[in-house]
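Architecture and fold: a report
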Amino acid sequence: MSCIFCKIVEGSIPSTKVYENEHVLAFRDIQPAAPVHILIIPKKHIATMNDVEPDDRGLIGDLHIAAQEIAKQEGVFESGYRLINNCGADSGQVVFHIHYHLLAGEKLGALNAK
């Protein structure tokens, strides 16, 4: 298995876990882009959002519920947070295991499309 996130799930690569349940794992990003920068991943390997299948519907919901719980835990639920998923190389996806970036802890700039 060469997926770094799968190795984190199995415990062969350490991480700073902030949330875990049966289907979801969340940990602090090692190169944070904001004061709060947490990666939220399914324990099941799915390469990109384009690879999500109808049977994964509940899992995707679990990721969003986890994001809410983490935002509460981190004290940013009320002030706001950004949840980002990059899908594919052109979007900037580097690790091909779906994941969300939860960013918060400061006023984040607007995302401006070109």
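Below is a short write-up of the structure. It should be emphasised that the depicted structure is a prediction, and the values quoted were computed from it without experimental measurement.

Helix and strand content of the chain: two helices and five strands. Along the chain direction, N to C, the helices and strands of the chain fall in the order α-β-β-β-α-β-β. Taking 114 residues into account, the globule formula puts the C-alpha radius of gyration at 13 Å, and the chain, at 14 Å, falls close to it. With respect to the principal axes defined by its C-alpha atoms, the chain has extents near 40 × 35 × 25 Å.

With that settled, the discussion passes to helix α2 (residues 57-74). Between its first and last C-alpha atoms α2 spans 26 Å; for 18 residues at 1.5 Å apiece the expected length is 26 Å, and the two agree. For α2, every residue scored as buried is listed here: Leu59, Ile60, Leu63, Ala66, Ala67, Ile70 and Ala71. Angularly, the buried residues of α2 cover 135° about the axis, an arc narrow enough to put them on a single face. At its buried positions, α2 is contacted by β1 (17-20), β2 (24-28), β3 (36-42), β4 (82-84) and β5 (100-104). After α2 finishes, the residue Gly75 shows a positive phi value of roughly 80°.

Further remarks concern the side chain of Thr48. Note that Thr48 resides in the loop between β3 and α2. Here the side chain of Thr48 touches Asn50 through a polar contact of 3.1 Å, landing on its backbone nitrogen. In contact with Thr48, other than residues within four places in its own chain, are Cys87, Gly88, Gln93, Phe96 and Ile98.

Turning our attention to the packing of aromatic side chains. What the rule picks out here adds up to one aromatic pair. The residue whose ring lies beneath Lys72 is Phe77, and the NZ or CZ to ring-centre distance is 4.9 Å.

Let us look at the environment of Glu74. Secondary-structure assignment places Glu74 in helix α2. On a C-alpha basis, the gap between Glu74 and Val9 in space is 21 Å, while along the polypeptide they are 65 residues apart. Among residues more than four places away in sequence, those in contact with Glu74 are Val18, Arg28, Val36 and Ile38.

Before going further, it helps to examine the pairing of β1. Two strands pair when backbone bridges link them, and β1 and β2 are joined in this way by three bridges, in the antiparallel orientation. Bridge pairing in β2 links Tyr19 to Ala26.

So, how was this worked out
- The residue count restarts for each chain, going from 1 along the sequence in the order it is written.
- This being a predicted model, a pLDDT of at least 70 is required before a residue's local features are given, and a value of 80 or more before pairs of side-chain atoms are given or counted; all residues contribute to the totals for chains, interfaces and linings.
- The basis for every side-chain value is the complete set of heavy atoms in the structure, and neither hydrogens nor water enter the calculation.
- To qualify as a helix, a DSSP run of H or I must reach at least 4 residues; to qualify as a strand, a run of E must reach at least 2; elements of each kind are numbered from the N terminus.
- The globule rule used here is 2.2 Å times the number of residues to the 0.38 power, and the radius of gyration it is set against is calculated over C-alpha atoms.
- Helices are assigned an expected span. That span is 1.5 Å times one less than the residue count.
- Relative accessibility under 20% of the residue-type maximum defines a buried residue, over 50% an exposed one, and the middle range a partly exposed one, all with a 1.4 Å probe and only protein chains included.
- Think of the arc as the fan of directions from the helix axis to the C-beta atoms.
- What makes two residues a contact is simply this: any of their non-hydrogen atoms within 4.5 Å.
- In protein, a polar contact means a hydrogen-donor-capable atom and an acceptor-capable atom, both N or O and within 3.5 Å, with residues adjacent in sequence counting only if both atoms are side-chain atoms; elsewhere, any N or O pair within 3.5 Å suffices.
- Aromatic rings from Phe, Tyr and Trp, taking only the six-membered ring of Trp, are treated as a pair when their centres fall within 6.5 Å; an angle between ring planes under 30 degrees marks them as stacked, one over 60 as edge-to-face, and anything in between as tilted.
- For a lysine, the NZ atom is tested; for an arginine, the CZ atom; a charge sits over a ring if that atom is within 6 Å of the ring centre and within 35 degrees of the ring normal.
- Two strands pair if DSSP finds at least two bridges between them.

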